[in-house]
Amino acid sequence: MKEILKLGLVLSIFAVVSCFALAVVNNFTAPRIAAHKASNTAAGLKVVFTEADKFEPVSDFEPTVGTTTIMEVYSALKGGEKVGTVVKATGPTYDKVVMLIACDTNKKITGVKFLENTDSPGFGQKASEEAFYGQFAGVDGSKPVVMGTDFEAISGATITSKGVETIINNALGVIK
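How each quantity is defined
Residues numbered from 1 in each chain as written. Predicted model: local features only at pLDDT ≥ 70, side-chain atom pairs only at ≥ 80, totals over all residues. Heavy atoms only, no water. Pairing = 2+ DSSP bridges. Helix = DSSP H or I, 4+ residues; strand = E, 2+ residues; numbered from the N terminus. Phe/Tyr/Trp six-rings, centres within 6.5 Å; stacked < 30°, edge-to-face > 60°. Buried < 20%, exposed > 50% of the residue type's maximum accessible area, 1.4 Å probe, protein only. Salt bridge = Lys/Arg side-chain N within 4 Å of Asp/Glu carboxyl O. Expected span 1.5 Å × (residues − 1). Bend = angle between axes of the 7 residues up to and from the residue. Contact = heavy atoms within 4.5 Å.

J.: Where do I start with the pairing of strand 6 (residues 109-117) in this structure?
T.: The side chains of a regular strand alternate between the sheet's two faces. Pairing of strand 5 (residues 96-104) with strand 6 involves seven bridges; the strand directions are antiparallel. Its bridge partner being in strand 6, Ala102 is matched across the sheet by Gly111. Taking the residues between adjacent antiparallel strands as the criterion, strand 5 and strand 6 are bridged by four residues, where Lys107 takes a positive phi near 65°.

Structure, rendered in structure tokens:
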């Protein structure tokens with residue numbers, strides 16, 4: 001009985017020390033991770049809407065549309081005039097993606113950029129390649145984007161392609 005209590009006490013001490021160490025590491029790395037994500041988003045905004053010179057955050061939007069979570073919305077400005085909107089959204093694909101979707105004031109998609117893609121390597125990861133996401137530039141965003149009509153699916157990654165289609169359409173609904 002004494003041996004069991006001793007082992008339980010040792011295990012408890014290791015658990016407390018491990019939790020404390022994880023908390024300390026998280027305290028140091030969380031700001032750096034957040035800064036890195038903000039830097040990636042800022043760089044992505046310039047990629048999806050090249051003609052804008054400034055992006056202002058919008059606070060009045062619906063955070064959830066279907067299975068898509070709208071993380072952030074930005075007004076794209078050029079010379080102080082609004083020239084479009086950019087939505088940062090996440091949702092399910094084969095696993096999940098975080099992406100930027102941009103539309104100009106004429107409802108034409110100006111660009112799509114993947115910030116994170118945790119889909120399977122070799123198939124779903126191909127969505128992060130320019131050959132796939134480049135298909136969306138110039139597509140009419142005033143109507144739903146349709147796989148097979150507005151863009152070609154990734155061979156072997158139909159679930160990812162369908163998920164991207166859903167996320168883009170939900171983001172376009174927020175832009176409208």
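J.: What is the right way to look at the packing of aromatic side chains in this model?
T.: Aromatic rings considered in pairs are described by the distance between their centres and by the relative angle of their planes. A complete count under the given rule lists four aromatic pairs for this structure. Judged by centre distance (5.9 Å) and plane angle (80°), the ring pair of Phe132 and Phe151 falls under edge-to-face. One end of the pair, Phe132, is in helix 2 (residues 130-133); the other, Phe151, is in the loop between helix 2 and helix 3 (158-175), with 19 residues separating them in the sequence. An identical accessibility class is assigned to Phe132 and Phe151; each is buried. When the ring of Phe136 is compared with that of Phe151, the centres are 4.8 Å apart and the planes differ by 45°; the resulting orientation is tilted. Of this pair, Phe136 sits in the loop between helix 2 and helix 3 while Phe151 sits in the loop between helix 2 and helix 3, and the two are 15 residues apart along the sequence.

J.: Could you clarify how one ought to interpret unusual backbone geometry in this entry?
T.: Even without a glycine there, the phi angle at Lys107 is positive, about 65°. When you line up the elements, Lys107 lands in the loop between strand 5 and strand 6. Assessed through its relative accessible area of 26%, Lys107 is described here as partly exposed.

J.: Hey, could you run me through the pattern of salt bridges in this one?
T.: Proximity of charged atoms lets side chains of opposite charge pair with each other. What the rule picks out here adds up to four salt bridges. A salt bridge links Lys37 to Glu116; its shortest N-O distance comes to 3.9 Å. Placement of Lys37 in helix 1 (residues 2-48) and of Glu116 in strand 6 is noted, with a sequence separation of 79 residues between them. On the basis of relative accessible area, Lys37 is assigned to the partly exposed category, the value being 45%. The partly exposed category is assigned to Glu116, whose relative accessible area is 31%. Here Glu56 makes a salt bridge to Lys54, at a shortest N to O gap of 3.5 Å.

J.: For this particular structure, what's the right way to read helix 1?
T.: Structural remark: α-helix, 3.6 residues per turn; residues separated by three or four positions point the same way. In this model helix 1 runs 65 Å from its N-terminal to its C-terminal C-alpha over 47 residues, within 8% of the 69 Å that 1.5 Å per residue would give. Of all the bends in helix 1, the greatest reaches close to 35° and is centred on Thr29; the proline Pro31 follows between one and four positions later. For helix 1, every residue scored as buried is listed here: Thr41, Gly44, Leu45 and Val48.

J.: Can you help me understand the environment of Gly91 in this one?
T.: Note that Gly91 resides in strand 4 (residues 81-92). On a C-alpha basis, the gap between Gly91 and Phe55 in space is 23 Å, while along the polypeptide they are 36 residues apart. Discounting residues that sit within four places of it in the chain, Gly91 has contacts with Thr67, Lys96, Val97 and Ile167.

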